[in-house]
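Summary of structural features
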Amino acid sequence: MLLKILRAKLDNRKIGATELTKQYLDRITTVDKRLNSYITVCGEEAIEQAKVAQKMIDSGNAGFLTGIPVSIKDNICTNGIRTTCASKMLADFVPPYDATVIEKLKNAGAVILGKTNMDEFAMGGSSQSSYFGGVKNPYNTTRVPGGSSGGAAASVAADLCAMALGSDTGGSVRQPASFCGVTGLKPTYGTVSRWGLIAFASSLDQIGVISKSAEDCGFVLDCIYGFDANDATTSKNAKGDYTALVGTDISDFKIGLPREFFGDGINDDVKGAVLNAAEYYKKLGCEIVYVSLPSLEYAVSAYYLLSSAEAASNLSRYDGIRYGYRSANGTDFNSLIKNTRREGFGWEVKRRILLGNYALSQGYYEEYYKKATQIRTRIISEYAEIFRQCDVILTPTAPTTAYKIGEMENDPVRMYLSDICTVTANIAGLPAITTTCGYDKNGLPIGMSVTGCAFDERTIIAVCDRFERDFVRGEAVI
Amino acid sequence: MKDKKLTAYLAELGKVGFSDKELDDMSEDLENIIELMDNVREFDCNDRPYMQDAVKYNNLRADDERGHELIKLETDRFKVPKVV
């Protein structure tokens, strides 16, 4: 259900916050055994939060998110509630503090239903590498929900929460939102504090929102954005009031179609649906402009080199000494650490650590990591040129719809290549939002992405919202 | 690069233990992945500057002298009290 509708029901006393929370918790109990979208369900805490929210509503102090039940990806720290990153390494880790976004949600009176399942340490595109078992797509439980925020996306699509927070390093909010037929927003890098987000790749990570509409994403972003003294990478340029352009006339907008995003690697159903969406905008009066991002062919490689290098550094803290999993098989300091990391990490995480160390090591640094940073500069300048010609660009969110569980398990290269449509927004730090624009011949959702200039979330939300008002979206029946 | 020696070196750098069979499997994986990564070597960078962050940010606060127990020795150094 849309957040606006839930807000009205709560404010008009059609439903109480506690009753609403209990309904979601009951649905999680009934439905989630088929999806495995939650790792931890916070039943008692959620009811207590709902009671506090109801007091806020009764006293006239309710904000937009007061009493709204939400799910949180399990790499965002929640005080007193275990935060696992879907890894054996942190299976019993309970953070002693709340992430900044969690503090903001709590201050707003939101109700945290639980922590959602994901790819281990946010590394993956299918949510199958979790230590707690893979997640299933609510549209078709033989298919992946996408990743790494697959649990978050599945929980929204299956009405196991009203909205979700995920994290997006190379597409991990947008791609699962696309696969699960919901809306997902990755803000400009620096808009949302990463304090309390367990780091994967610090120059690329950004907390994002998954909900049932672009407007809802804007409402949530209004709550969680902002400069944070605890995160030096947060920007004072974030504007706020992200729904300001929703419902306004967008007919004078120029919408760019980058040629390279519509090549042979994109599924025909996906291409057709996104180009139909372009026609829709053209009929509204928008000008369609063909643009180019020539460095797209290097984007996936550059992304994996940059992100793996940063991950190799960020994950070096998991050594079994101060917290987290500790192997019982160490005979000395070195073997304790090696065995801890051998037993505590899954295969994909180990792959990325080794790839990252390869990119950074002597003899390879110049040819790989340094080149990747130069490609990053080139992509940033190509986007700057694109946005001199148009206001936003429209692209597929993923080359395909949701694939079968197990299909890409033994083919990491194919899985990495499927990030082609999403990684450049992270590389350039730009905001991007995905929404459903069609369904393939199997009835699976197809996502389109609207990407804009830095800190211009208002425009991409408005453009996406306009399409959503006329598009009849299906629902996952589960 | 099904180079088990290199994989073992990278594993040592990452402080990750592997059995012999795991080293074989990881070497095969890395060979395929690095083949994908190799296209960056073709990129013509022309000594293009490299950035480590997409968005320029400068929110660092000014240095803030704290702690009355610190003794300023010179313009840029402080004597810190012994901890142990």
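Residues numbered from 1 in each chain as written. Chains lettered and ligands numbered in written order. Predicted model: local features only at pLDDT ≥ 70, side-chain atom pairs only at ≥ 80, totals over all residues. Heavy atoms only, no water.

**A few points about the overall build of chain A**
To keep things clear, this is the line we draw: Numbering of helices and strands runs from the N terminus, with a helix taken as a DSSP run of H or I at least four residues long and a strand as a DSSP run of E at least two residues long. Radius of gyration means the value over C-alpha atoms here, while the globule rule gives 2.2 Å times the residue count to the 0.38 power. Accessible area is worked out with a 1.4 Å probe on protein chains only. A residue is then buried under 20% of its type maximum, exposed over 50%, and partly exposed in between. Residue contacts are defined here by distance: any two heavy atoms, one from each residue, within 4.5 Å place the two residues in contact.
Counting its secondary structure elements, chain A contains 15 helices and 11 strands. Computed over the C-alpha atoms, the radius of gyration of chain A is 21 Å, within 12% of the 23 Å expected from 2.2 N^0.38 for a compact globule of 478 residues. The C-alpha extent of chain A, read off along each of the three principal axes, is 70 × 55 × 45 Å. A total of 478 residues make up chain A; the buried ones form 66% of that total. Across chain A, contacts joining residues at least 24 apart in sequence account for 76% of those joining residues at least 6 apart.

**Looking at the sheet that holds strand β5 (residues 183-186) of chain A**
All names here are of chain A. Our working rule: DSSP calls a pair of strands paired once it identifies at least 2 bridges connecting them. Every axis in this analysis is a line fitted to C-alpha atoms, fitted for helices over the stretch in contact. Angles between the N-to-C directions lie between 0 and 180 degrees.
Read from one edge of the open sheet, 11 strands run β1-β3-β2-β4-β6-β5-β10-β11-β9-β7-β8, paired in mixed fashion. Each of the sheet's edge strands pairs with one partner strand only, and the pair in question is β1 (38-41) and β8 (287-291). On average, each strand axis in the sheet is tilted by 30 degrees relative to the strand beside it, whichever way the strands run. Where strand β10 (residues 432-439) lies against strand β11 (residues 445-452), seven bridges are found, and the strand directions are antiparallel. Opposite Gly 438, over in β11, you have Ile 446 as the bridge partner.

**A few points about the side chain of Ser 37 of chain A**
Residues and elements named next belong to chain A. Rules: Within 3.5 Å is the distance limit for a polar contact, defined as a pair of N or O atoms, with the added protein rule that one can donate a hydrogen and the other accept it, and that residues adjacent in sequence qualify only through two side-chain atoms.
Structurally, the position occupied by Ser 37 is in the loop between α2 (17-31) and β1. One polar contact links Ser 37 to Asp 32, side chain to side chain, over a distance of 2.5 Å. Among all residues touching Ser 37, those that are not within four sequence positions of it are Asp 32, Thr 116, Asn 117, Val 135, Gly 151, Ala 154, Ser 155 and Leu 160.

**Things to note about the pattern of salt bridges**
The criterion, for reference: Basic side-chain nitrogens of Lys or Arg form a salt bridge, by our definition, when they fall within 4 Å of a carboxyl oxygen of Asp or Glu.
With the rule as written, the count across this model stands at 29 salt bridges over all chains. Residue Arg 7 of chain A is joined to Asp 11 of chain A by a salt bridge in which the shortest nitrogen-to-oxygen separation is 3.0 Å. Residue Arg 7 of chain A and its partner Asp 11 of chain A are located together in helix α1 (residues 3-11), separated by four residues, close to a single helical turn. Take Arg 7 of chain A: its relative accessible area is 7%, and that puts it in the buried class. The partner of Asp 58 of chain A in a salt bridge is Arg 13 of chain A, and the shortest N-O contact between them spans 3.5 Å. Of the two residues, Asp 58 of chain A is situated in helix α3 (residues 43-58) and Arg 13 of chain A in the loop between α1 and α2; the sequence distance between them amounts to 45 residues. In this structure Arg 13 of chain A comes out as partly exposed when scored by relative accessible area, which is 46%. Linked by salt bridges that have partners in common, Glu 348, Arg 351 and Arg 352 of chain A together with Asp 29 of chain B make up one network.

**A few points about the packing of helix α11 (residues 347-360) of chain A against helix α1 (residues 4-13) of chain B**
The description of two helices packed together rests on the angle between their axes and the distance between the axes. Condition: Note that the term roughly parallel is reserved for angles under 35 degrees, roughly antiparallel for angles over 145, roughly perpendicular for angles of 65 to 115, and oblique for everything else. Note that Gly is not counted as nonpolar here; it falls among the polar residues with everything else outside the nonpolar set of Ala, Val, Leu, Ile, Met, Phe, Trp, Tyr, Cys and Pro and the charged set of Asp, Glu, Lys and Arg.
At their nearest, the axes of α11 of chain A and α1 of chain B sit 9 Å apart, and the two run at 100 degrees to each other. Between α11 of chain A and α1 of chain B, the interaxial angle falls into the category roughly perpendicular. For the pair α11 of chain A and α1 of chain B, the contacting residues are Leu 354, Asn 357 and Tyr 358 of chain A in the first and Leu 6, Thr 7, Leu 10, Ala 11 and Leu 13 of chain B in the second. Considering only residue class, the contact of α11 of chain A with α1 of chain B consists of six nonpolar, two polar and no charged.

**Quick word on the side chain of Thr 397 of chain A**
Residue and element names in this part refer to chain A. Locating Thr 397 in the fold gives a position in the loop between β9 (392-396) and α13 (412-417). There is a polar contact of 2.7 Å between the side chain of Thr 397 and the side chain of Thr 434. Those residues within four positions of Thr 397 in sequence are excluded, and the remaining contacts are Arg 174, Gln 175, Ser 178, Cys 421, Thr 422, Thr 434, Gly 447, Met 448 and Ser 449.

**Some thoughts on a nonpolar patch on the surface**
Defined as follows: Patch membership is restricted to residues that have no salt bridge and whose relative accessible area is over 30%. Joining uses 9 Å for like charges and 5 Å for the nonpolar side chains Val, Leu, Ile, Met, Phe, Trp and Tyr. Calculation of accessible area relied on Shrake-Rupley with a 1.4 Å probe; when residues are assessed, cover is drawn exclusively from the protein chains displayed.
Taken together, the side chains of Met 1, Leu 2 and Ile 5 of chain A make up a nonpolar region of the molecular surface, amounting to roughly 230 Å² of accessible area. Within the fold, Ile 5 of chain A resides in helix α1.

**Some thoughts on the nonpolar core**
In summary, soluble globular proteins display a tendency toward joint burial of nonpolar side chains. Residues and elements named next belong to chain A. The following threshold applies: Here, nonpolar core means buried Ala, Val, Leu, Ile, Met, Phe, Trp, Tyr and Cys residues that are tied together by side-chain atoms lying within 4.5 Å of each other.
Membership of the largest hydrophobic core comes to 162 residues, with the highest contact counts inside it found for Phe 121, Leu 165 and Tyr 281. Residues contacting Phe 121, with those up to four places away along its chain left out, are Cys 85, Ser 87, Met 89, Leu 90, Ile 198, Phe 200, Leu 315, Tyr 318, Phe 345 and Val 349. With seven residues, the next largest nonpolar core counts Val 144, Phe 179, Ala 398 and Tyr 403 among its residues.

**Concerning the interface of chain A and chain B**
A common measure of how large an interface is: the accessible area buried when the components associate. Our working definition: Defined in terms of a 1.4 Å probe, buried area is the accessible area two parts forfeit on being brought together, summed over both.
Counting residues at the interface gives 53 residues for chain A, matched by 43 residues for chain B. In total, about 4,400 Å² of surface goes out of reach between chain A and chain B, with carbon and sulfur atoms giving 67% of it. Its largest share of buried area at the contact with chain B, chain A owes to Lys 338, Trp 347 and Leu 354 of chain A, together 14% of the area lost on that side. On the surface where chain A and chain B come into contact, there are four salt bridges. With a closest N to O distance of 3.3 Å, Arg 41 of chain B and Glu 367 of chain A form a salt bridge. Sorting the residues of the side of chain A that touches chain B by element identifies α9 (296-314), α10 (333-344), α11, α12 (366-389), α13 and α14 (423-428) of chain A as the ones contributing at least two each. By residue number, the principal contributor to the side of chain A that touches chain B is α12 of chain A, which donates 13 residues. Its residues assigned to classes, the side of chain A that touches chain B comprises 27 nonpolar, 14 polar and 12 charged.

Scope: geometric values only; no functional claims are made or implied.
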